[in-house]
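Close look at the chain arrangement
The chain contents come next:
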Number of protein chains: 2
Amino acid sequence: MQVGLIGIGLVGTAIAERLLAADYSVVGYDIDVTAAARLAKLGGHPRESAATVVGQCDTVLLSLPTSDDILRVLAACAGAIHAGQLFIDTTTGSADDAVRAGELCESRGASYVEATILGSSELVRTAAALAMLGGDDRELTRAEAVIGCFAGKVVRVGPLSAASRMKLAVNLVLGLNRAALAEGLAFAQTIGLDPRLALEVLRAGAAYSRVMDAKGEKMLARDFSPEARLAQHHKDVRLIAAEAARCGLKLPLTEAHDRLLEAAERAGHAASDNSAVIAAYDRP
Amino acid sequence: MQVGLIGIGLVGTAIAERLLAADYSVVGYDIDVTAAARLAKLGGHPRESAATVVGQCDTVLLSLPTSDDILRVLAACAGAIHAGQLFIDTTTGSADDAVRAGELCESRGASYVEATILGSSELVRTAAALAMLGGDDRELTRAEAVIGCFAGKVVRVGPLSAASRMKLAVNLVLGLNRAALAEGLAFAQTIGLDPRLALEVLRAGAAYSRVMDAKGEKMLARDFSPEARLAQHHKDVRLIAAEAARCGLKLPLTEAHDRLLEAAERAGHAASDNSAVIAAYDRP
């Protein structure tokens, strides 16, 4: 069976590998011209435009940096979108954009579902990533065989936009756990403890969180080389705060976190790794 | 070999079991008279007062609710404290009290070390608890054989009072992870997501923290039956804030957490489980 793939970056490439391994024919496009050669080398079929992919495939996977990109690509390909076609969006984006993308597809007789990935390209490559599905149940059932190729675990979280909203909730907790670790390590060091021992003790007991594995050593070593950028997470935190405000819910920890990220950015860490939130605790 | 044990509550009983299994003779006292029968049934030797235990044993384990109790017991037994004697304190207490307890013992020619336990009585019973050791290195080496009977892992964290301070750092992160989970679940529910699915997704990925196993279901079910009391943790949070203020360090997340616990107490949850921090997000 043939699947279209628009966006062949780190995650897109990992998805292509999994689909090809499952004997799908992958027809792909990326704005980056080097991606075509990469896809061809893997055994896929690069095309010269997104519209060509959309015109040729009944199932199209989207793997783009933001939901702005999704809306731009769908608008540019609108003429090629056709009845019965299914779009599966793995991009992390805004809930409003997911609804807009769904409307755009529907206006051409096509369907659109969210398959937001929790996990890195490496996790996708080893089929260990989790995909959160948002959308119409019938369309999700249609989409699950393809999604199952690259996601080890799949959870249906609700109607269209639910996956984007769930990603915000996940990012809220993930970011706060990271900031809690930073605050704990800064506290330990300031009161005269060895922060390396503190990390060891934190990891050994009930206070353990998975961010300790990912960011603990980076915080201790003040190694802020980016795996993901602090300013990007700060944008998520502002989205979370806006969404909560819209619902009249107060989020005191998220508000404090927002100000910590603000301070880290002022200290020059916008493009640093998320671990740089610990810099907010440094004395000026 | 003979070991004294003052305090035979949940943790003290588990310690006694481990010591007896390792062929120590356990000579014990507890203010609660039912504890004597419990100790005798396990094969230990109850005594009629703390002073008797202190007079008869060269190594004395302390397992009391607070460091206030430690100071009170040591003062009451001061006449029985003797040269060369070693006190091993498993109680979680204040750093200042640890220093005072050390001075009191030293004034009688005895030694005092911290062996602060991270973990429940159940973990002690299965030798899976972690003990953080604070004190003079030579005394800690003397103490390690006994501590090794009931702690599966042991970390030396520094001089006397370091273990009490480390416990504060651990509680800072532990409490914030719990509050972050509460904030995330409250957010998920408020923006229309299924909070049970949110918990499932949180546990499956990078946002995972161990408090999700301990408190996730309790928060969802609004089951606030106490495993540990919210007011007790609130006291720790105020200790942490005071210690940070003394050092001129700002802890924005801990300050926000302090106010959340305040709100949960005002809502009637002082004696509830720590999971009741989620009640701070309920609409009045």
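Details of the structure are given in the entry above.
Residues numbered from 1 in each chain as written. Chains lettered and ligands numbered in written order. Predicted model: local features only at pLDDT ≥ 70, side-chain atom pairs only at ≥ 80, totals over all residues. Heavy atoms only, no water.

A tally of helices and strands in chain A yields 12 helices and eight strands. A compact globule built from 284 residues should have a C-alpha radius of gyration of about 19 Å, and chain A, at 21 Å, falls within 12% of that. Dimensions along the principal axes, computed over C-alpha positions, put chain A at roughly 65 × 45 × 35 Å. Counted over contacts in chain A with a minimum sequence separation of 6, partners at least 24 positions apart contribute 68%. Counting only carbon and sulfur atoms, one obtains 53% of the accessible surface of chain A, whose full area is about 11200 Å². Averaging the coordinates of the 29 positive side-chain charges in chain A and doing the same for the 34 negative ones gives two points 2 Å apart. (Helix = DSSP H or I, 4+ residues; strand = E, 2+ residues; numbered from the N terminus. Rg over C-alpha atoms; globule rule 2.2 N^0.38 Å. Contact = heavy atoms within 4.5 Å. Areas by Shrake-Rupley, 256 points an atom, 1.4 Å probe, with all protein chains shown as cover. Lys, Arg positive; Asp, Glu negative; His and termini not counted. Charge placed at Lys NZ, Arg CZ, Asp CG, Glu CD.)

Turning our attention to the sheet that holds strand β1 (residues 2-6) of chain B. Adjacent strands of a sheet form backbone hydrogen bonds with each other and so pair up, either parallel or antiparallel. All names here are of chain B. Taken in spatial order, the eight strands line up as β3-β2-β1-β4-β5-β6-β7-β8 in an open sheet, and their pairing is mixed. The open sheet terminates on both sides in strands that have one partner only, identified here as β3 (45-46) and β8 (153-158). Here β1 runs beside strand β4 (residues 59-62); their pairing, made up of three bridges, is parallel. When the sheet's bridge partners are listed, Gly4 is paired in β4 with Val60. This element, helix α1 (residues 10-21), spans β1, β2 (25-29), β4 and β6 (111-118) of the sheet and lies at about 170° to β1. (Pairing = 2+ DSSP bridges. Axes fitted to C-alpha atoms, helices over the stretch in contact; angles between N-to-C directions.)

One pass over the structure, following the stated rule, counts 34 salt bridges over all chains. Salt-bridge contacts for B:Arg203 lead to B:Asp213; the nearest nitrogen and oxygen are separated by 2.8 Å. One end of the pair, B:Arg203, is in helix α9 (residues 195-204); the other, B:Asp213, is in helix α10 (residues 211-220), with 10 residues separating them in the sequence. On the accessibility criterion, B:Arg203 (33% relative accessible area) is partly exposed. In this structure B:Asp213 comes out as partly exposed when scored by relative accessible area, which is 39%. Residue B:Asp273 is joined to B:Lys215 by a salt bridge in which the shortest nitrogen-to-oxygen separation is 2.9 Å. Taken together, the residues span a long stretch of sequence, with B:Asp273 in the segment after α12 (252-266) and B:Lys215 in helix α10 at a distance of 58 residues. Across this residue pair, the class does not change: B:Asp273 and B:Lys215 are buried. The network of salt bridges with common partners includes A:Lys215, A:Lys218, A:Asp223, A:Glu227 and A:Asp273. (Salt bridge = Lys/Arg side-chain N within 4 Å of Asp/Glu carboxyl O. Buried < 20%, exposed > 50% of the residue type's maximum accessible area, 1.4 Å probe, protein only.)

So, about the packing of aromatic side chains. If you walk through the whole model with that rule in mind, you get one aromatic pair over all chains. Relative to B:Tyr208, the ring of A:Tyr208 has its centre 6.3 Å away and its plane inclined at 50°; by these criteria the two rings are tilted. Residue A:Tyr208 is found in the loop between α9 (195-204) and α10 (211-220), and its partner B:Tyr208 is found in the loop between α9 and α10; the two belong to separate chains. (Phe/Tyr/Trp six-rings, centres within 6.5 Å; stacked < 30°, edge-to-face > 60°.)

Right, let's get into the pairing of strand β1 (residues 2-6) of chain A. Side-chain positions along a regular strand alternate between the two faces of the sheet. All names here are of chain A. In terms of burial, β1 is largely enclosed, as four of its five residues are buried. Two elements, β1 and strand β2 (residues 25-29), share five bridges in a ladder whose sense is parallel. Pairing of Ile6 across the sheet is with Tyr29, part of β2. What joins β1 to β2 is helix α1 (residues 10-21), and the crossover it makes is right-handed. (Right-handed = clockwise from strand over helix to strand, strands pointing away.)

This part covers the environment of A:Arg222. All names here are of chain A. Secondary-structure assignment places Arg222 in the loop between α10 and α11 (230-246). Residue classification places Arg222 among the partly exposed residues on the basis of a relative accessible area of 34%. Sequence separation of Arg222 and Ile278 is 56 residues, and the distance between their C-alpha atoms is 8.5 Å. In this view, Arg222 contacts Ile278 and Asp282; residues no more than four positions away in its chain are not counted. Polar side-chain contacts of Arg222 include one of 2.9 Å to the side chain of Asp282. (Polar contact = N/O pair within 3.5 Å; in protein donor to acceptor, adjacent residues only side chain to side chain.)

Taken together, the contacts link 61 residues of chain B with 61 residues of chain A. Between chain B and chain A the total buried area reaches about 5000 Å² when both faces are included, carbon and sulfur atoms providing 73% of it. Taken as a group, B:Phe187, B:Arg210 and B:Leu253 account for 14% of the area that chain B buries against chain A, more than any other trio of residues on that side. On inspection of chain B and its partner chain A, the count reaches two salt bridges. Across the contact surface, chain B and chain A share 13 residue pairs in polar contact (both at pLDDT 80 or more). (Buried area = accessible area lost by both parts, 1.4 Å probe.)

What follows deals with the packing of α11(A) against helix α12 (residues 252-266) of chain A. Residues and elements named next belong to chain A. For the pair α11 and α12, interaxial distance at closest approach is 10 Å and the crossing angle is 150°. Taken together, the axes of α11 and α12 are roughly antiparallel relative to one another. α11 and α12 meet at a crossing whose hand is left-handed. Residue-level contacts link Leu230, Ala231, His233, His234, Val237, Arg238 and Ile240 of α11 to Thr254, His257, Asp258, Leu261, Glu262, Ala264 and Glu265 of α12. Partitioning the contact of α11 with α12 into residue classes produces six nonpolar, four polar and four charged. (Parallel < 35°, antiparallel > 145°, perpendicular 65-115°, else oblique. Left-handed = near helix turned anticlockwise from the far one by under 90°. Nonpolar A, V, L, I, M, F, W, Y, C, P; charged D, E, K, R; others polar.)

Let us look at the sheet that holds strand β3 (residues 45-46) of chain A. All names here are of chain A. Read across the open sheet, the eight strands follow the order β3-β2-β1-β4-β5-β6-β7-β8; overall the sheet is mixed. Both outer strands of the open sheet, β3 and β8 (153-158), are each paired with one neighbouring strand and no more. Two elements, strand β4 (residues 59-62) and strand β5 (residues 86-89), share four bridges in a ladder whose sense is parallel. Bridge assignment links Leu61 to a residue of β5, and that residue is Ile88. Sheet contacts for helix α7 (residues 137-150): β1, β4, β5, β6 (111-118), β7 (130-134) and β8; angle to β6, the most-contacted strand, approximately 40°.

Between α9(A) and helix α8 (residues 162-190) of chain B, whose axes approach to 10 Å, the crossing angle comes to 55°. Comparing the axis directions of α9(A) and α8(B) gives the class oblique. Relative to α8(B), α9(A) is oriented so that their crossing is right-handed. Contacts from A:Leu197, A:Ala198, A:Val201 and A:Leu202 of α9(A) reach α8(B) at B:Met166, B:Ala169, B:Val170 and B:Val173. For the contact of α9(A) with α8(B), a count of residues per class yields eight nonpolar, no polar and no charged.

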